[in-house]
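So the chains spell out like this:
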Amino acid sequence: MSAVRIPPVLRASTGGAKNVEVDGATVGEVLDRLVATYPGLASQLLTPDGTLSSFVNVFLNDTDIRHLDALATPIGARDSLVLLPAMAGG
Amino acid sequence: MATQTLPPEIGRPSTADAESRPSMAMAGADRILGLRCRNCGTREALGAAYVCAACFGPLEVEYNLAAVAGLDRATIERRPPGIWRYLELLPVAEQPRRGLAVGSTPLVRADRLGPALGIAELWLKDDTRNPTLSFKDRAVAIAAERAREFGITTLGCASTGNLAGATAAAAAALGMPAYVFMPADLETVKIDHALAYGATVVPIDGTYDDVNRLCLEIADETGWGFVNINLRPFYAEGSKTLAFEIAESLGWQAPDVVVAPIASGAMFTKLAKGFRELADLGLIERTPIRFVGGQAAGCSPVATAWSRGTTVIEPVRAPTTFVRSLAIGNPADGRYSVELADASHGSIEAIPDEVTAAAIRQVAGLEGIYPETTGGVTLAAAEAARRRGIIREGDRVVALLTGNGLKTPDARTLGLAGGRAAPGEPGLAPVLRPGYASFEAWFEGNA
Ligand SMILES: Cc1ncc(COP(=O)(O)O)c(C=O)c1O
Ligand SMILES: [Zn+2]
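The shown structure was predicted, so the numbers you read here are calculated from the model rather than taken from an experiment.

**Q** Tell me about the overall build of chain B, residues and numbers included.
**A** When helices and strands are counted, chain B shows 14 helices and 13 strands. In terms of overall size, chain B behaves like a compact globule, its C-alpha atoms giving a radius of gyration of 22 Å where 447 residues would be expected to give roughly 22 Å. On the principal axes, the C-alpha backbone points of chain B span a range of 75 × 50 × 45 Å. Burial analysis of chain B (447 residues in total) assigns 60% to the buried set. Pairs at least 24 apart in sequence give 71% of the contacts found in chain B among residues at least 6 apart. Carbon and sulfur atoms make up 51% of the accessible area of chain B, which totals about 17,100 Å². When the 43 positive and 50 negative side-chain charges of chain B are each reduced to one mean point, those points stand 2 Å apart.

Set out below in structure tokens:
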């Protein structure tokens, strides 16, 4: 199981849970199962055609998955995933 | 959603106003409607919220301009200098009683630099002269006042350098503690600057994007008011004051072309919003304005997307530029910046560091204005856009110099050959003994 950290703006869809444990071999699988478990997350995380919204940045152990293999990046049991809004700006 | 309950006075017209303050009857409650998602349009109550609960898109402040339709040029012109003369168009309930003197910086005609860049009518918006020497004072003034109105007691920021000093100084002036997070390897003057105001400065061993990611999490957990994160909808609006001042300085007209640097793209896009709102209120005529952006070639995700004709921004993982204030690899308003450049028939230029350094020396030497690296990027972008034909013969062009050269000392010598200056040459002469003979020997070329 990988740990997924849920930001406050998404916690309404996870029943208030801040950290959830999800199974999956890749980042994409983990996100799929996350949305399957908490269907309320779909509108926030996915575009209407089911791809990851560009307003969501996904970090695997603090690295943006776009710098790795994106959704195909392998993920292990001790890894942690953080979902954050794409809101970088100095 | 981290929305807070608002204290009852928020958004209500205030009763006690000094004579010189903008009238609160005009700046009353219904001119600010709340927050609205830029992506899906979902509305949200006013608060320290920045992400749409429906789609994760960015929230923006929504105004009811009809509520301030009576605002006219003469009213604004009678007010004291500074950003609050445009209060009706700013997302705060009222003009703060305390705070720094921000804005009303000069717009100067660059009659020597302009022709050198092939631009006959070039104006420089000199924001090297704000209280902490950059335009960030504008954004922070709005965010800090909103923080106070929301009952937030600690300010924070994730900084590429200039925001650090701006946040620390504003917090000092308001008597609030500040936490400033920045990449550990930034210019030491920028770190010292923030320290001087008594902020807690937290250096992070990483890029700006690492700092920003960390601060997103800290903002969520602490409830501190991070000016550029959970106060971002308000912060971003502060940059509109650049547009307001430019238009007022030009006799209530918009220029043909605006050239500005892009990091996150917040300022670039809000400039356009500022001019649009002036036109909406009839304070200026609605004329087409081309927006030209500049980025450093060593971190140019927005310029790259623009040149490829896409709004999809590929983040830059490891910026390689000495333009630290623009080194954001993952810019929040990148896509909107590309859209603005495209829709306005502008461009977004990527400038190599050597060209940036030379452009700083050029404007300093020809106009006596010394901008930081972002200013070099901006002027080089203006020249590039002129070569491309985006800037045309006869255009009135305004270039924004958004930070002071004293913040980026490395730029002074980049690309220059070493060695000592001969008499009459720009540069550092050798150290002379304090006797006239020593001076004479050097001056006559016999040193
Ligand atoms: C001096 C200066 N100019 C321009 C910018 C770009 O601002 P923005 O993030 O709004 O694009 C910055 C950002 O830090 C800056 O410090
Ligand atoms: Zn939305």
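**Q** Could you give an account of the interface of chain B and chain A, with specific residues and numbers?
**A** If you look at the interface, chain B gives 38 residues, while chain A gives 28 residues. Considering only the side of chain B, the residues that lose the most area to chain A are B:F56, B:R213 and B:R317, jointly responsible for 27% of the buried surface there. Counting every contact that joins chain B to chain A gives five salt bridges. Residues B:E221 and A:R11 are paired through a salt bridge, measuring 3.2 Å at the closest nitrogen-oxygen approach. Linking chain B with chain A are nine residue pairs in polar contact (both at pLDDT 80 or more). Those elements giving two or more residues to the side of chain B that touches chain A turn out to be α6 (208-222), α7 (232-237) and α11 (334-343) of chain B. The dominant element in the side of chain B that touches chain A, judged by the number of residues it contributes, is α6(B), at nine residues. Here the residues of the side of chain B that touches chain A sort into 21 nonpolar, seven polar and ten charged.

Calculation rules
- Residues numbered from 1 in each chain as written.
- Chains lettered and ligands numbered in written order.
- Predicted model: local features only at pLDDT ≥ 70, side-chain atom pairs only at ≥ 80, totals over all residues.
- Heavy atoms only, no water.
- Helix = DSSP H or I, 4+ residues; strand = E, 2+ residues; numbered from the N terminus.
- Rg over C-alpha atoms; globule rule 2.2 N^0.38 Å.
- Buried < 20%, exposed > 50% of the residue type's maximum accessible area, 1.4 Å probe, protein only.
- Contact = heavy atoms within 4.5 Å.
- Areas by Shrake-Rupley, 256 points an atom, 1.4 Å probe, with all protein chains shown as cover.
- Lys, Arg positive; Asp, Glu negative; His and termini not counted.
- Charge placed at Lys NZ, Arg CZ, Asp CG, Glu CD.
- Buried area = accessible area lost by both parts, 1.4 Å probe.
- Salt bridge = Lys/Arg side-chain N within 4 Å of Asp/Glu carboxyl O.
- Polar contact = N/O pair within 3.5 Å; in protein donor to acceptor, adjacent residues only side chain to side chain.
- Nonpolar A, V, L, I, M, F, W, Y, C, P; charged D, E, K, R; others polar.

From the geometry alone we can't say anything about function, so treat these as descriptive.
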